[in-house]
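# A structural walkthrough
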Amino acid sequence: MYREAGETVLLSVGRFCEAKNFEAIPKICTVLLKRGLSVKWYILGYGDREAQIREAIQAVHMEDFVVLLGKKENPYPYMRMCDIYVQPSVYEGKCVAVREAQLLGKPVVITNYATSGSQLEDGVDGVIVPMDNAGCAAGIAALLRDPARMRRLSENCKKRDYTNSAEVEKID
C-alpha cells in the first residue's frame, strides 16, 4: 500500500463475490473525490468477481484511486496501515474482517445490511451507513471530516473485548 501526503487510506477485505459489493467501491470513491477528499481505497482479496470489479474501476477511471491488492496471506499489516476500514456489503452473516479491524482499533464503516446491528454499535465502535452509493459516500465523508469522531471510534474499539470468551463461558 502506498500513501501520498495528506491522503486517507481506506481498506476493504473479503472474497470477490456479490455479497461484498466491491463493484460499488469505484463509484463511492468517485463521490468522495468530487467532495474534495483525498482518498485511496485498497481492496484485499480474490474471487470470481475480480473481472467485474476491475471493469467497474475502469468504467469510472478510478485506476489511480481504487487498487486491488489480490490475495494476501496476512491482512493485518494492511489493516494497520489503513485509516478507515469499510465493508460495503449488501449482506453478511458475521463479517470476520470487520471484527479484525475493530481489534486493531480502526474506525469501521459498514453498510446497513440486515445483520449490521449485530456487527457493531453504531456511533460507538463503528458507523453504519446507507447501502446506496451516495449514502455510503456521505457517511464516509462525514467521518473523514471529523477526526475527533474517528479517534473516539478507534479508542472505543481498543477498550472493547471482542473475544468470544463470554460465549465460551456460557457453553461451559
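For every chain, the first residue of the written sequence is number 1, and numbering continues from 1 onward in sequence order. Confidence filtering applies because this is a predicted model: local features only for residues at pLDDT of at least 70, side-chain atom pairs given and counted only at 80 or more, and all residues used for totals across whole chains, interfaces and linings. By convention in this description, side-chain values take in all heavy atoms of the structure and omit both hydrogens and water.

With that out of the way, let us pick up the sheet that holds strand β4 (residues 84–87). Ordered by their spatial adjacency, six strands build an open sheet running β3-β2-β1-β4-β5-β6, and the pairing between neighbours is parallel. Here the strands that pair on one side only, and so sit at the sheet edges, are β3 (66–70) and β6 (127–129). Across this sheet, the average inter-strand angle for adjacent strands is 25°, counted without regard to direction. Two strands are said to pair when DSSP picks up at least two bridges between them. Numbering of helices and strands runs from the N terminus, with a helix taken as a DSSP run of H or I at least four residues long and a strand as a DSSP run of E at least two residues long. As defined by bridge partners, strand β2 (residues 39–44) adjoins β3 across four bridges and the pair is classed as parallel. If you follow Tyr42 over to β3, its bridge partner there is Val67. Its contacts with the sheet put helix α1 (residues 25–34) on β1 (8–13), β2 and β3, and the angle it makes with β2 is roughly 165°. Where helix α2 (residues 50–59) meets the sheet, it contacts β2 and β3, and its direction lies at approximately 160° from that of β3. Axis lines are fitted through C-alpha atoms, for helices just across the contact stretch, and the angle between N-to-C directions can take any value from 0 to 180 degrees. Contact criterion: two residues are considered in contact whenever any of their non-hydrogen atoms come within 4.5 Å of each other.

All right, on to the side chain of Glu100 then. Following the sequence through the fold, Glu100 ends up in helix α4 (residues 96–103). A 1.4 Å probe rolled over the protein chains alone gives each residue an accessible area, and that area as a share of the maximum for its type sets the label: buried under 20%, exposed over 50%, partly exposed in between. For this count, His and the chain ends are skipped, Lys and Arg are scored as positive, and Asp and Glu as negative. What makes a salt bridge here is a side-chain nitrogen of Lys or Arg within 4 Å of a carboxyl oxygen of Asp or Glu, nothing more. Within the buried set, Glu100 has no salt-bridge partner at all; the shortest N-O distance to an opposite charge, 9.7 Å, is to Arg99. The residues touching Glu100, leaving out its near neighbours within four places in the chain, are Tyr76 and Met79.

Turning next to the pattern of salt bridges. As enumerated under the stated definition, the model contains five salt bridges in all. For the salt bridge of Glu121 with Arg160, the shortest nitrogen-to-oxygen distance reads 2.5 Å. On the criterion of sequence distance, the pair formed by Glu121 in the loop between α5 (116–119) and β6 and Arg160 in the loop between α7 (147–159) and α8 (165–171) is long-range, its members being 39 residues apart. Judged by relative accessible area, Arg160 falls into the partly exposed class, the value being 33%. Across the pair Asp125 and Arg160 runs a salt bridge, and its minimum N-O distance is 3.5 Å.

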